[in-house]
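Coordinates in review
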Amino acid sequence: MDAIERYRPQLSGPVWDRVGPDCRRAVSKAKPATPKEARDWLGALAHAAAHADASGRPTKAEHLLTAEAIEWYLATGCLHLEESSRSNRRCRLNKLRRALLGPDLITGNPAAYSGSDASRPYTKPEQAQLYASARAQPTDELRYGLLTLLALGFGCALDSAEIIPLRTHDVREAPNGAVAVAVRGQRARVVLCRSAWAPVLTEATAWASRPGQARSLFRPSSHARGTNTVTNFLARAKKPPGTPSLVIGRARATWLVDAIEARMHLPTLMAAVGLTTLRSIDRVLPHVRNLAPDQAAAVLKEL
């Protein structure tokens, strides 16, 4: 297509010389339907390739267009762009990925879900940043309050409405080291905390506890138990530059995505999170990594 040969993205000469030929090859192979689509795909792919080139990563289109590589590029190479521009670039790269590499599932395209930003899980580095930020808070109240939220969100998949009424005696440690939380309210249940966050929850509970007293687990010195208890607390916490904001819904989504990717039995997952429908799972599905085609084929064959 002439549009592919004539169009050149705004990249420096040496960079374009390195990545341009393969970008043109990939877009031509994907067979864009219109000249505009060809330019859109070529521009998005070329900028992703230039970022990979500068980062010392492979620049071949087939490497750049995996779902993981696209999200890595958007998270590390598009920080200067507005959210709408990042979404536009994600859309173009994903369309090119499907045209060049085929559907994610060998049985066809997966169902499309919205995948709102509020449902986007935290990455491992982001979780580490949040933990370090909690440890660096200037007061015990802020420090242990944040640690409690992290442990209950990432470790137990609780939401704010479930965190606020908890008491210190709702957290129980078994002889084998497992830490359980007895959740109150309409979705009452017992949740086992993930092992990575269990020591944090135990430490925060010990700080909040007083012998012979029934105290709140989160903000034990505060008698306010309104719906904005968590958000008001987070507004007072100190956030170092570059640290993501703590959103309890995203922490819960992180637990869900990890559980799905670990292939947890679906009824077990739903019971642990207190779900009666799949709507919450629908929202996180766009963030769940797909199996490679050969892995998917093996799973389907052995079903």
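Look up: the structure comes first, before these words.
In short, a report on the structure. Owing to the predicted nature of the structure, the values given are computational and were not obtained by experimental measurement. (Residues numbered from 1 in each chain as written. Predicted model: local features only at pLDDT ≥ 70, side-chain atom pairs only at ≥ 80, totals over all residues. Heavy atoms only, no water.)

1. What to know about the pattern of salt bridges
Selection criterion: By convention in these notes, a salt bridge is any Lys or Arg side-chain nitrogen within 4 Å of a carboxyl oxygen on Asp or Glu. Going along the chain from the N terminus, every DSSP run of H or I of four or more residues is numbered as a helix, and every run of E of two or more is numbered as a strand. Between buried and exposed lies partly exposed: a residue is buried under 20% and exposed over 50% of the maximum accessible area for its type, with that area taken using a 1.4 Å probe on protein chains only.
Inspection of the entire model under this criterion finds 17 salt bridges. A salt bridge links Lys-36 to Asp-40; its shortest N-O distance comes to 2.8 Å. Of this pair, Lys-36 and Asp-40 both sit in helix α3 (residues 35–54), four residues apart, which is roughly one turn of that helix. A relative accessible area of 48% places Lys-36 in the partly exposed class. What makes Asp-40 buried here is its relative accessible area of 17%. Ionic pairing is found between Arg-135 and Glu-203, a salt bridge with its closest N-O pair at 2.7 Å.

2. As for the packing of helix α7 (residues 124–135) against helix α8 (residues 140–154)
Two quantities define a packed helix pair, namely the angle between the helix axes and the distance between the axes. We count it as follows: Throughout, an axis means a line fitted to C-alpha atoms (over the contacting stretch in the case of helices), and angles, computed between N-to-C directions, take values from 0 to 180 degrees. For classification purposes, angles smaller than 35 degrees are called roughly parallel, those larger than 145 roughly antiparallel, those between 65 and 115 roughly perpendicular, and all remaining angles oblique. Any pair of residues with heavy atoms lying within 4.5 Å of one another is described as a contacting pair. Amino acids are sorted into nonpolar (Ala, Val, Leu, Ile, Met, Phe, Trp, Tyr, Cys and Pro), charged (Asp, Glu, Lys and Arg) and polar (every other residue, Gly among them).
In the contact formed by α7 and α8, the axes pass within 8 Å of each other and the chain directions differ by 155°. If you check the angle between α7 and α8, you find them roughly antiparallel. Counted together, Gln-127, Leu-130, Tyr-131, Ala-134 and Arg-135 of α7 and Arg-143, Leu-146, Leu-147, Leu-150 and Phe-154 of α8 form the full contact between these two elements. For the contact of α7 with α8, the per-class residue count stands at seven nonpolar, one polar and two charged.

3. Some words on the environment of Gly-13
Along the polypeptide, Gly-13 turns up in helix α2 (residues 13–30). Here Gly-13 falls in the partly exposed class, since its relative accessible area comes to 29%. As a C-alpha pair, Gly-13 and Arg-263 span 250 residues in sequence and 47 Å in three-dimensional space.

4. Focus: the nonpolar core
Selection criterion: Here, nonpolar core means buried Ala, Val, Leu, Ile, Met, Phe, Trp, Tyr and Cys residues that are tied together by side-chain atoms lying within 4.5 Å of each other.
By size, the foremost hydrophobic cluster in this structure holds 36 residues, and its most contacted members are Leu-149, Leu-152, Cys-156, Leu-158, Val-181, Leu-201 and Leu-246. When residues of this core are traced back to their parent elements, those giving at least two are α7, α8, β2 (179–183), α10 (198–208), α11 (229–236) and α12 (248–261). The leading source of residues in this core is α8, at nine residues.

5. A closer look at the pairing of strand β3 (residues 189–192)
Short version of the rule: A pair of strands is treated as paired once DSSP finds two or more bridges between them.
Alternating residues of β3 divide into Arg-189 and Val-191, all buried, and Val-190 and Leu-192, none buried. Strand direction decides the pairing type here: β2 and β3, joined by four bridges, are antiparallel. Each residue of the ladder has a partner; that of Val-183, found in β3, is Arg-189. Joining the antiparallel neighbours β2 and β3 is a turn of five residues, in which Gly-185 adopts a positive phi near 95°.

6. Some points on the side chain of Glu-162
The test is simple: A 3.5 Å cut-off defines polar contacts: any pair of N or O atoms within that distance qualifies, except that in protein one atom must be a possible hydrogen donor and the other a possible acceptor, and neighbouring residues in sequence count only when both atoms are side-chain atoms.
Relative to the helices and strands, Glu-162 resides in helix α9 (residues 160–163). Engagement of the side chain of Glu-162 in a polar contact is seen with the side chain of Arg-189, the distance being 2.9 Å.

7. What to know about the environment of Val-27
When you line up the elements, Val-27 lands in helix α2. Sequence spacing of Val-27 and Ala-61 is 34 residues, and the spatial spacing of their C-alpha atoms is 9.0 Å. Ignoring anything within four residues of it in the chain, the contact list for Val-27 reads Ile-4, Pro-32, Ala-38, Trp-41, Leu-42, Leu-45 and Leu-96.

8. Quick word on α10
Stated precisely, the cut-off is as follows: As used here, the arc belongs to the directions running from the helix axis to the C-beta atoms.
Of all the residues in α10, the buried ones are Ala-198, Val-200, Leu-201, Ala-204, Thr-205 and Ala-208. Projection of α10 onto a plane perpendicular to its axis shows the buried side chains occupying an angular sector of 160°, all on one side. Exposed residues on α10 whose side chains face more than 90 degrees from its buried face are Pro-199 and Ala-206. Those residues of α10 hidden inside the fold are in contact with α7, α8, β1 (171–173) and β2.

9. Brief notes about the side chain of Arg-89
Selection criterion: His residues and chain termini do not enter the charge count, which takes Lys and Arg as positive and Asp and Glu as negative.
Along the chain, Arg-89 falls in helix α6 (residues 83–101). Buried and without a salt bridge, Arg-89 has Asp-40 as its closest oppositely charged side chain, separated by 9.9 Å. Engagement of the side chain of Arg-89 in a polar contact is seen with the side chain of Tyr-73, the distance being 2.8 Å. Beyond its immediate chain neighbours, meaning those up to four positions away, Arg-89 contacts Ala-44, His-47, Tyr-73, Leu-74, Cys-78 and Leu-81.

10. Some remarks on α3
Keep this limit in mind: By this rule, a helix spans an expected 1.5 Å times one less than how many residues it contains.
Compared with an ideal rise of 1.5 Å per residue, which puts 20 residues at 28 Å, α3 spans 28 Å between its outermost C-alpha atoms and is within 8% of the ideal. Within two residues after α3, Gly-56 carries a phi angle of roughly 75°, on the positive side.

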